[in-house]
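What follows is each chain in one-letter form.
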Amino acid sequence: MEKRKLHTRTTPPDPKIMGRKKDFGAFMDNYRKGTTPLYKKPLYKNPRLFLALLLIILVAILVFESGEESPSEKQNPTGADTVKNEKQNP
Amino acid sequence: MDSHHKNKEDLEREAGEVLRAQKNPAAFAPLYERYYEVLFRFFWNRTEDYDLSSDLTQHTFLKALRNLGSYQFRNLPFSAWLFRIGINEMNMYFRKAERERIVPLDLTLLREWAGEEGIDGYLEKEFTRVEKLILDLPPDQLALIELRFFEKKSFLEIGQIMKISENNAKVKTYRVLDKIRKLMEEKE
């Protein structure tokens, strides 16, 4: 439940401050930012999206690299088995 | 909030402005200019915070402009639609934020009602209890009381804002007042 308090006397807002906050240009900018589809915006103009894509690419490269190394590690991770086999069957 | 009192010509002119803004968002300017201060004051009276009032006003206008395509003119002032969005935005904000919300009330109007009901003596004597009863009302019932006893709205206007008929607005408001009266009598 929200916290509430009763005011039986209210002070009106300062018209000067209220006037400073009123800005249709800024409002329209906000509206356009919220409604312009991403594909209509060049990538270099959106640093967040650019960084996110860069991060995804880096992670993909790392996953790919580790995927390439893992089969040989699985087959012979330390080389100990080979030595053991050689001893059993000289 | 005297913007609700509009004659047929005003309503039709405003409907034309909305239609133009539906086709071209930049044409929303006259509606923004007309209702900015009205909405700002509405939020200010409930927050007493310039930044928050400005944010809530901007959010209300943004939501209105984004959903303007679904707006249909039904011989009602555009402001009723705006205030409905504004009240929802404010309720949503206070549900999420750990912040105290101000409930503005005009005591003169409340005293008039208490006088009609014959409980004015109790109202003066036990104002703290009455205050608690009002503050504990659910959001939709509180909105009815605020619109009636602070914004000084007619039942027609309250109905337009709450999207109910004039008669329903009257019945619902009196039901809330009756609830308060009964609770006051119980505690007397």
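Attention here is on the structure that accompanies the text. All of these numbers come straight from a predicted model, not from anything done at the bench.

**Quick look at the overall build of chain B**
- Scanning chain B for helices and strands turns up 10 helices and 1 strand.
- Ordered by position in the sequence, the α and β elements of chain B form the string α-α-α-α-β-α-α-α-α-α-α.
- Taken over the C-alpha trace, chain B has a radius of gyration of 18 Å; the compact-globule value for 188 residues is 16 Å, and the two agree within 12%.
- Its C-alpha atoms give chain B principal-axis dimensions of about 60 × 35 × 25 Å.
- Across the 188 residues that make up chain B, the buried fraction comes to 48%.
- A sequence separation of at least 24 residues applies to 65% of the contacts in chain B between residues at least 6 apart.
- Surface accessibility of chain B: about 9,300 Å² in total, with carbon and sulfur atoms responsible for 46%.

**Structural notes on the overall build of chain A**
- Of the regular secondary structure elements, chain A holds 4 helices and 1 strand.
- The order of α-helices and β-strands along chain A, N terminus first, is β-α-α-α-α.
- Across the 90 residues in chain A, those meeting the buried criterion constitute 13%.
- Carbon together with sulfur atoms contributes 59% to the accessible area of chain A, which is approximately 7,800 Å² in total.

**Considerations on the packing of aromatic side chains**
All names here are of chain B.
- Applying the stated criterion across every chain, the model contains 21 aromatic pairs over all chains.
- Directly above the aromatic system of phenylalanine 42 lies the positively charged group of arginine 46, at a separation of 3.9 Å from the ring centroid.
- Arginine 148 extends its terminal NZ or CZ atom over the ring of phenylalanine 155, reaching a point 4.0 Å from the ring centre.

**What to know about the interface of chain A and chain B**
- Contact residues are listed per partner, giving 25 residues for chain A and 41 residues for chain B.
- For the interface between chain A and chain B, the tally reads 5 salt bridges.
- Inspection of the chain A/chain B interface yields 14 residue pairs in polar contact (both at pLDDT 80 or more).
- Going through the elements one at a time, strand 1 (3-7), helix 1 (15-21) and helix 2 (24-35) of chain A are the ones with two or more residues in the side of chain A that touches chain B.
- Broken down by element, the residue count for the side of chain A that touches chain B peaks at 7 residues, all from helix 2 of chain A.

**Some remarks on unusual backbone geometry**
All names here are of chain B.
- With phi around 55°, lysine 152 is a residue other than glycine that occupies positive phi space.
- Structurally, lysine 152 is set in the loop between helix 8 (139-149) and helix 9 (155-162).
- We note that lysine 163 has phi near 60°; this positive angle belongs to a residue other than glycine.
- Mapped onto the elements of the fold, lysine 163 is located in the loop between helix 9 and helix 10 (166-187).
- Take lysine 163: its relative accessible area is 60%, and that puts it in the exposed class.

**Things to note about the environment of B:Trp81**
Residues and elements named next belong to chain B.
- Secondary-structure assignment places tryptophan 81 in helix 4 (residues 78-96).
- Each C-alpha atom of the pair tryptophan 81 and alanine 64 lies 8.3 Å from the other, and the pair is 17 residues apart in sequence.
- Once residues lying within four places of it in the same chain are set aside, the contact partners of tryptophan 81 are Ala64, Asn67, Leu68 and Tyr71.

**Observations concerning the side chain of B:Asp106**
Residue and element names in this part refer to chain B.
- Tracing the backbone shows aspartate 106 in the loop between strand 1 (100-104) and helix 5 (107-117).
- Judged by relative accessible area, which is 18%, aspartate 106 ranks as buried.
- Discounting residues that sit within four places of it in the chain, aspartate 106 has contacts with Phe149, Phe150 and Lys152.

**With respect to empty space enclosed by the protein**
All names here are of chain B.
- One pass over the full model with this rule turns up 1 cavity of 30 Å³ or more.
- Quantified by volume, the largest cavity comes out at close to 70 Å³.
- Around the largest cavity, the lining is made up of 13 residues, and of these Ile87, Met90, Arg101, Ala143 and Glu146 lie nearest the centre.
- Elements that contribute at least two residues to the lining of the largest cavity include exactly helix 2 (29-47), helix 4 and helix 8.
- When the residues that make up the lining of the largest cavity are grouped by side-chain class, the tally is 7 nonpolar, 1 polar and 5 charged.

**A short note on the packing of helix 4 of chain B against helix 9 of chain B**
All names here are of chain B.
- The N-to-C vectors of helix 4 and helix 9 enclose an angle of 60°; their axes lie 7 Å apart at closest approach. On the basis of the axis angle, helix 4 is oblique to helix 9. Like other packed secondary-structure pairs, helix 4 and helix 9 cross with a definite hand, here right-handed. Taking contact as the criterion, the partners of Ala80, Phe83, Arg84 and Ile87 in helix 4 are, on helix 9, Gln160, Ile161 and Met162.
- When its residues are assigned to classes, the contact of helix 4 with helix 9 shows 5 nonpolar, 1 polar and 1 charged.

What counts, and at which threshold
Residues numbered from 1 in each chain as written. Chains lettered and ligands numbered in written order. Predicted model: local features only at pLDDT ≥ 70, side-chain atom pairs only at ≥ 80, totals over all residues. Heavy atoms only, no water. Helix = DSSP H or I, 4+ residues; strand = E, 2+ residues; numbered from the N terminus. Rg over C-alpha atoms; globule rule 2.2 N^0.38 Å. Buried < 20%, exposed > 50% of the residue type's maximum accessible area, 1.4 Å probe, protein only. Contact = heavy atoms within 4.5 Å. Areas by Shrake-Rupley, 256 points an atom, 1.4 Å probe, with all protein chains shown as cover. Phe/Tyr/Trp six-rings, centres within 6.5 Å; stacked < 30°, edge-to-face > 60°. Lys NZ or Arg CZ within 6 Å of the ring centre and 35° of its normal. Salt bridge = Lys/Arg side-chain N within 4 Å of Asp/Glu carboxyl O. Polar contact = N/O pair within 3.5 Å; in protein donor to acceptor, adjacent residues only side chain to side chain. 1 Å grid on protein atoms, 1.4 Å probe; cavity = no way out; pocket = protein on both sides within 12 Å on 5 of 7 lines; lining within 4 Å. Points joined across faces, edges and corners; volume = space filled by probe spheres on them. Nonpolar A, V, L, I, M, F, W, Y, C, P; charged D, E, K, R; others polar. Axes fitted to C-alpha atoms, helices over the stretch in contact; angles between N-to-C directions. Parallel < 35°, antiparallel > 145°, perpendicular 65-115°, else oblique. Left-handed = near helix turned anticlockwise from the far one by under 90°.

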